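Residue-level listing of the chains:
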Amino acid sequence: MQKMRLAAVGLLSGFFILMSGNAQTVLAQPVLEVSLLSDNISSQKLSLDFSDNQARCTVMIAGKAGTRKITGTLKLYDETEAGTVNIWTASKEGSIYNVMKTAAVKSGHRYRLSFSGSVYDADNKEEKVSISTVKTN
């Protein structure tokens, strides 16, 4: 929470400096916090790769120490045809959620892979996570 306050103060300070017309000062100021502020998540990765007409959909969420469970839904959506290709749901005990699925896809189509889920700490406190990526086969 302290990091979030610092990031907000830094952003607001930069905004007011920008509004005062002194843009050079803004460019010289370091950014206080750019990364995702998270209580339970140490890293997250989502990848969509194609081999011929096969999509490989991979998500990896690493919880911080004390993570009890990670649950989520992986969805592959064909943006060219505006339709869902496949949806996979999984729940993993522990601090690592690593899921890889494959699906048939069409050449030249644009696909969106998205993951939405929850990370639970030892006290069963839930933290939501949502990431997505877009790629053309």
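Everything below is about the structure printed above this text.
Position numbers for residues start from 1 in each chain and track the written sequence from start to end. For a predicted model such as this one, the threshold for reporting local features is a pLDDT of at least 70, and the threshold for listing and counting side-chain atom pairs is 80 or more; totals across whole chains, interfaces and linings nevertheless cover every residue. As a convention, hydrogens and water are excluded, and side-chain values are obtained from all of the structure's heavy atoms.

Caption draft 1: Region of the structure containing the overall build of the chain. Here a helix means four or more residues in a row that DSSP labels H or I, a strand means two or more in a row labelled E, and each is numbered from the N terminus. When its secondary structure is counted, the chain shows two helices and seven strands. The buried label goes to any residue with under 20% of its type's maximum accessible area, the exposed label to any with over 50%, and the partly exposed label to all in between, with areas taken from a 1.4 Å probe on protein chains only. In the chain, which comprises 137 residues, the share counted as buried stands at 28%. Within the chain, residue pairs in contact and separated by at least 24 positions form 61% of the contacts whose partners lie at least 6 positions apart. Residue exposure ignores everything except the shown protein chains as possible cover, and the areas themselves are Shrake-Rupley values with a 1.4 Å probe. With an accessible surface of roughly 8600 Å², the chain has 53% of that area assigned to carbon and sulfur atoms. The contact rule is simple, with two residues in contact once any of their heavy atoms fall within 4.5 Å.

Caption draft 2: Fine view of the pattern of salt bridges. Any carboxyl oxygen of Asp or Glu within 4 Å of a side-chain nitrogen of Lys or Arg constitutes a salt bridge here. According to the stated counting rule, one finds seven salt bridges in the structure shown. The salt bridge partner of Asp49 is Arg56, with a shortest N-O separation of 3.4 Å. On the accessibility criterion, Arg56 (41% relative accessible area) is partly exposed. Residue Asp49 is joined to Lys135 by a salt bridge in which the shortest nitrogen-to-oxygen separation is 3.4 Å. With Asp49 in strand β1 (residues 41-51) and Lys135 in strand β7 (residues 126-136), the pair connects residues that are 86 residues apart, well separated along the chain. Residues participating in the shared-partner salt-bridge network are Asp49, Arg56 and Lys135.

Caption draft 3: Summary view of the nonpolar core. If you look at the biggest cluster of nonpolar residues, it comprises 21 residues, and the most contacted ones within it are Cys57, Val59, Ile61, Leu74, Leu76 and Phe115. Those elements giving two or more residues to this core turn out to be β1, β2 (54-63), β3 (69-78), β5 (96-104), β6 (110-120) and β7. Every residue in contact with Leu76, bar those within four places of it in the chain, is listed here: Leu48, Ala55, Cys57, Thr84, Val85, Asn86, Trp88, Ala103, Val105, Tyr111, Arg112 and Leu113. Here, nonpolar core means buried Ala, Val, Leu, Ile, Met, Phe, Trp, Tyr and Cys residues that are tied together by side-chain atoms lying within 4.5 Å of each other.

Caption draft 4: Fine view of the packing of aromatic side chains. For Phe, Tyr and Trp, where Trp contributes only its six-membered ring, two rings pair if their centres lie within 6.5 Å, and the inter-plane angle classes them as stacked under 30 degrees, edge-to-face over 60, or tilted in between. Going through the model one piece at a time under the given rule, you end up with two aromatic pairs. Relative to Tyr111, the ring of Phe50 has its centre 5.8 Å away and its plane inclined at 50°; by these criteria the two rings are tilted. Note that Phe50 is positioned in strand β1 and Tyr111 in strand β6, a separation of 61 residues in sequence. Centre to centre, the rings of Tyr97 and Phe115 are 5.2 Å apart; their planes meet at 55°, and the pair counts as tilted. Of the two residues, Tyr97 sits in strand β5 while Phe115 sits in strand β6, which places them 18 residues apart along the sequence. Each member of the pair, Tyr97 as well as Phe115, carries the same accessibility label: buried. Sitting over a ring, as applied to charges here, requires NZ of Lys or CZ of Arg to be within 6 Å of the ring centre and within 35 degrees of the ring normal. Above the plane of the ring of Tyr120 lies Lys69, whose end atom (NZ or CZ) is 5.3 Å from the centre.

Caption draft 5: Local environment of the side chain of Glu127. Within the fold, Glu127 resides in strand β7. Charge assignment in this entry is limited to Lys and Arg as positive and Asp and Glu as negative, and neither His nor the chain termini are counted. Lys125 is the oppositely charged side chain nearest to the buried, salt-bridge-free Glu127, at an N-O distance of 6.1 Å. Reaching out from Glu127, the side chain makes a polar contact with the backbone nitrogen of Asp39 at a distance of 3.1 Å. In protein, a polar contact requires one atom able to donate a hydrogen and another able to accept it; more generally it is a pair of N or O atoms within 3.5 Å, and residues adjacent in sequence count only if both atoms are side-chain atoms. Separated by 2.7 Å, the side chain of Glu127 and the backbone nitrogen of Asn40 make a polar contact.

Caption draft 6: Main features of the sheet that holds strand β4 (residues 83-93). Two strands make a pair as long as DSSP finds a minimum of two bridges between them. Strand order across the open sheet formed by four strands is β4-β3-β6-β7, with antiparallel pairing between neighbours. Only two strands of the sheet have a single partner each, and these edge strands are β4 and β7. Direction aside, the axes of adjacent strands within the sheet are offset by 10° on average. Where β3 lies against β4, ten bridges are found, and the strand directions are antiparallel. Bridging across to β4, Leu74 finds its partner in Trp88. To get an axis, a line is fitted to the C-alpha atoms, and for a helix only the part in contact is used. The angle between two axes follows their N-to-C directions and goes from 0 to 180 degrees.

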